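Structure assessment
Listed below, chain by chain, are the residues.
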Amino acid sequence: MSKVVEINNLTVQYPDVKALDDVSLVVNQGDFLGIIGPNGAGKSTLFASMLGINTKYHGTIKFFDEDIRKSKSYLKEIGYVPQKPIFEKNFPVTVTDVVRMGLRKESDENKIDEILQQLWIHELRERRIGELSGGQQQRVFIAKALVHNPKILILDEPVTGIDQQSIDLFYSILRELNSKQKITIIWSSHDLDAVNKLANHVACLNRTLFFHGESEEFFSNDELVKQYSEASMQEHMHHH
Ligand code: ADP
Ligand code: MG
């Protein structure tokens, strides 16, 4: 099994809050890792650090055995789907335009049609992005993240505000990308049931990593699941 990501003692201190505290984590090729944790747990900060967006961290982050401070070449192997952006209805770019932004080489233009078909949005290709439903927009952003053939797909809480039918389609697409195309998936989510069904590894993050292992081990341990649920419920009440 080859390591694609190795994080050691990652700590991120913002001016007002320590967002991550001594987090260590390994992701192997082919893993489907679900990262669960309440609001403010540090999930987006973890991704921002892995993607080189946040460079103010202590510890080390390696992709393919190479420190990301030394080389940015790992970025071409990553597809990233950020938390949902919102578009005005008339925002003047089409589905094809958005997906094309994900290309690293113009010569790969022919990949666009292929990925649009794979994500069930080919017939929407000339539509404006702002006219689409949340679920359709989400698939466009996954297509953008995948069009350059990355080995790793990173998704940050991607189902907020999307209808159930689109969520189901989205999950079946993720499962297929992981099982058939062998893409390593790192996915943060609030949905414990979905993580249970899809992921083969689980990381529970709440500033520190309080569990990381096989998802079977996590979900068969009632005490762990209860701890997680209580922590996120408290967060939920703080935020509402
Ligand atoms: P999550 O994605 O799990 O909700 P975040 O990583 O967004 O968590 O946030 C973790 C903590 O760090 C929160 O307290 C948040 O307010 C804070 N935070 C996030 N980004 C920044 C930033 N760029 N500057 C300062 N504080 C931040
Ligand atoms: Mg977040």
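Attention here is on the structure that accompanies the text.

How each quantity is defined
- Residues numbered from 1 in each chain as written.
- Chains lettered and ligands numbered in written order.
- Predicted model: local features only at pLDDT ≥ 70, side-chain atom pairs only at ≥ 80, totals over all residues.
- Heavy atoms only, no water.
- Buried < 20%, exposed > 50% of the residue type's maximum accessible area, 1.4 Å probe, protein only.
- Helix = DSSP H or I, 4+ residues; strand = E, 2+ residues; numbered from the N terminus.
- Near = heavy atom within 4 Å.
- Polar contact = N/O pair within 3.5 Å; in protein donor to acceptor, adjacent residues only side chain to side chain.
- Areas by Shrake-Rupley, 256 points an atom, 1.4 Å probe, with all protein chains shown as cover.
- Nonpolar A, V, L, I, M, F, W, Y, C, P; charged D, E, K, R; others polar.
- Phe/Tyr/Trp six-rings, centres within 6.5 Å; stacked < 30°, edge-to-face > 60°.

With respect to helix α1 (residues 43-50)
A large share of α1 lies buried, amounting to seven of its eight residues. Listed in full, the buried residues belonging to α1 are Lys43, Thr45, Leu46, Phe47, Ala48, Ser49 and Met50. Where α1 ends, the next residue or the one after it, glycine 52, has phi of about 75°, a positive value.

Points about the site of ligand 1
Around ligand 1, the neighbouring residues are Tyr14, Val17, Ala19, Pro38, Asn39, Gly40, Ala41, Gly42, Lys43, Ser44 and Thr45. Measuring from an oxygen atom of ligand 1, one finds a backbone N or O atom of glycine 42 at 3.0 Å. Serine 44 places a main-chain nitrogen or oxygen 2.9 Å from an oxygen atom of ligand 1. Its free accessible area being 560 Å², ligand 1 has 59% of it covered by the protein chains. Its residues assigned to classes, the shell around ligand 1 comprises five nonpolar, five polar and one charged.

Here's the deal with the packing of aromatic side chains
Counted by the stated rule, this structure contains six aromatic pairs. Ring centres of phenylalanine 211 and phenylalanine 218 lie 5.3 Å apart, and the angle between their planes is 45°; this geometry places the pair in the tilted category. Each member of the pair, phenylalanine 211 together with phenylalanine 218, is buried. With centroids separated by 4.9 Å and ring planes inclined at 90°, the aromatic side chains of phenylalanine 218 and phenylalanine 219 adopt a geometry described as edge-to-face. Assessed through its relative accessible area of 0%, phenylalanine 218 is described here as buried.

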